[in-house]
Amino acid sequence: MQYSNAKTSGSVSAAATSAASTGSRPAPGGAVSDIILTVTERQISPGETASFPFAARTAYGIPSIRDFNVISDNPNFNPEWVRLRLSAGDSYGPHYILEITPGDIGRSQHGAYPLRLSWGAAGTSRYAACRCTLVIRPCVRAATEPAVKIWPAGQVCLSLENRGSTGIDVSVSIRHRGSDWSKEWEFELPVKDDPASFSWRFDPPAGQRRGDFELAVSAAGVPLLRRTVRARRPLIPRRLTAG
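The rules we used
- Each chain has its residues counted from 1, following the order in which its sequence is written.
- It should be noted that, the model being predicted, local features are given only for residues of pLDDT at least 70 and side-chain atom pairs only at 80 or more, the latter also being counted only at that level, while totals for whole chains, interfaces and linings use all residues.
- Side-chain descriptors were evaluated using all non-hydrogen atoms of the structure, hydrogens and water having been removed beforehand.
- By convention a nonpolar core is built from buried Ala, Val, Leu, Ile, Met, Phe, Trp, Tyr and Cys residues, the set being connected through side-chain atoms within 4.5 Å.
- Buried residues are those whose accessible area, probed at 1.4 Å on protein chains only, stays under 20% of the maximum for their type, while exposed residues exceed 50% and partly exposed ones sit between those limits.
- Strands here mean DSSP runs of E at least two residues long; helices mean DSSP runs of H or I at least four residues long; both are numbered from the N terminus.
- By definition, residues are in contact when any of their heavy atoms lie within 4.5 Å.
- We define a salt bridge as a side-chain nitrogen of Lys or Arg found within 4 Å of a carboxyl oxygen belonging to Asp or Glu.
- Whether two strands pair depends on DSSP finding at least two bridges between them.
- For every residue, the predictor states its confidence as a pLDDT score lying anywhere from 0 to 100.
- Aromatic pairs are defined between Phe, Tyr and Trp rings, using the six-membered ring for Trp, whenever the two ring centres lie within 6.5 Å; interplanar angles under 30 degrees are classed as stacked, those over 60 as edge-to-face, and all others as tilted.

A. Representation of the nonpolar core in the model. In this structure, Ile35, Phe52, Phe54, Phe68, Ile100 and Leu134 are the most contacted members of the largest nonpolar core, which totals 27 residues. At the level of elements, strand E3 (32-37), strand E5 (50-57), strand E6 (68-72), strand E7 (82-90), strand E8 (93-100), strand E9 (111-120) and strand E10 (127-136) are the ones that each hand at least two residues to this core. In terms of residue count, the dominant contributor to this core is E10 (five residues). By size, the runner-up hydrophobic cluster in this structure holds 21 residues, among which are Val156, Leu158, Trp185 and Leu215.

Rendered as structure tokens:
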């Protein structure tokens, strides 16, 4: 997923990217300011809440909730989703919880949000930051286990359910492991009360009808399911001959 250089920030927020990192700056007397996240990634659907517990320690006393800030490289991030509150602490220091609750989001707002939670002023000793990832997945699920057939001809059968408030772009692909052959279908999954069934036919690669095939389904760019199918040529029984 590509993002522009625009950043969206909130005065009370939390952070994200696929791997967590903790930034710290030396403070007077050798003290350190830092933020430690308990979890570094959350996946939620619209209306659910992602919780990122963390602890904060500074050489300048207990950080106030108002002193934290969040920015995202994803311009679709909305600071109004964010709530920050205190929780029980320990010997390390006070603990906080960053809560993000996307409400009725638009079609373009599904996907990954790299966030950075920070305290203080960047480039100074009064600064600490950490990173984590928020993924907003669409309300789409596979109603049944997908069916994949290689012999005598290739076929993919899939039943999907969209319980969201808007149509979702879906991508279905199948590829052959061991070669560069692949096939992909893209379509819009409408909002319906009942699951929608789909079926596609394909010609497996010549001379590559054996081995493993990988089926992948994503909705709004978010992986939904992945399956490996081992193709085996059906056994042909020997013809009986009269003795």
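From this point, things continue past the structure.
B. Highlighting the side chain of Ser118. Structurally, the position occupied by Ser118 is in strand E9. For Ser118, a relative accessible area of 8% puts it in the buried group. When near neighbours in sequence (up to four residues on either side) are disregarded, Ser118 contacts Ile35, Asp67, Phe68, Asn69, Tyr127, Ala128 and Ala129.

C. Here's a closer look at the pattern of salt bridges. Applying the stated criterion across every chain, the model contains eleven salt bridges. A salt bridge links Glu99 to Arg83; the nearest nitrogen and oxygen atoms lie 2.9 Å apart. Separated by 16 residues along the polypeptide, Glu99 in strand E8 and Arg83 in strand E7 bring together distant segments of the chain. Between Arg107 and Glu188 there is a salt bridge; the shortest N-O distance is 2.9 Å. With a gap of 81 residues between them, Arg107 in the loop between E8 and E9 and Glu188 in strand E15 (residues 182-189) connect regions that are remote in the sequence. Among the residues examined, Arg107 registers a relative accessible area of 34% and is labelled partly exposed. When salt bridges with common partners are traced through the structure, they connect Arg175, Arg177, Glu214 and Arg226 into a single cluster.

D. View of the pairing of E10. Of all ten residues in E10, nine are buried; the element is thus mostly enclosed. Two strands pair when backbone bridges link them, and strand E4 (residues 41-44) and E10 are joined in this way by four bridges, in the parallel orientation. Looking across to E10, one finds that Glu41 is bridged to Thr133. Counting the residues that bridge the hairpin from E9 to E10 gives six residues, and of these Gly123 lies at a positive phi of roughly 85°.

E. Quick peek at unusual backbone geometry. One non-glycine residue, Ala220, lies in the positive phi region at around 55°. Residue placement: Ala220 occurs in the loop between strand E17 (211-219) and strand E18 (222-231).

F. Seen up close, the confidence of the model for the protein. Taken over all residues, the pLDDT of the protein has a mean of 80, while the share at 70 or more is 77%. Mean pLDDT values over the elements of the protein span from 41, in strand E2 (residues 22-26), up to 96, in E4. Throughout residues 1-8 the model reports pLDDT below 50, and contacts reaching past four residues in sequence, or to other chains, amount to 24 contacts. With pLDDT under 50 throughout, residues 10-31 is counted as low confidence; its partners more than four residues away or in other chains account for 84 contacts.

G. Inspection of the packing of aromatic side chains at higher detail. Counted under the stated rule, the structure contains 13 aromatic pairs. Arranged with centres 5.4 Å apart and planes meeting at 75°, the rings of Phe54 and Phe68 form a pair that is edge-to-face. Of the two residues, Phe54 is situated in strand E5 and Phe68 in strand E6; the sequence distance between them amounts to 14 residues. There is no split in this pair, since Phe54 and Phe68 are both buried. Relative to Tyr96, the ring of Phe68 lies with its centre 5.1 Å away and its plane at 65°, an arrangement referred to as edge-to-face. Note that Phe68 is positioned in strand E6 and Tyr96 in strand E8, a separation of 28 residues in sequence. Each member of the pair Phe68 and Tyr96 is classed as buried. One aromatic cluster in this structure is built from Trp181, Trp185, Phe187, Phe198, Trp200, Phe202 and Phe213.

H. Structural context of the environment of Ala147. Structurally, the position occupied by Ala147 is in strand E12 (residues 147-149). Ignoring any residue separated from it by four or fewer positions in sequence, one finds Ala147 in contact with Gln155, Val156 and Cys157.

I. Structural context of the environment of Tyr60. Structurally, Tyr60 is set in the loop between E5 and E6. Sequence separation of Tyr60 and Ser33 is 27 residues, and the distance between their C-alpha atoms is 8.5 Å.

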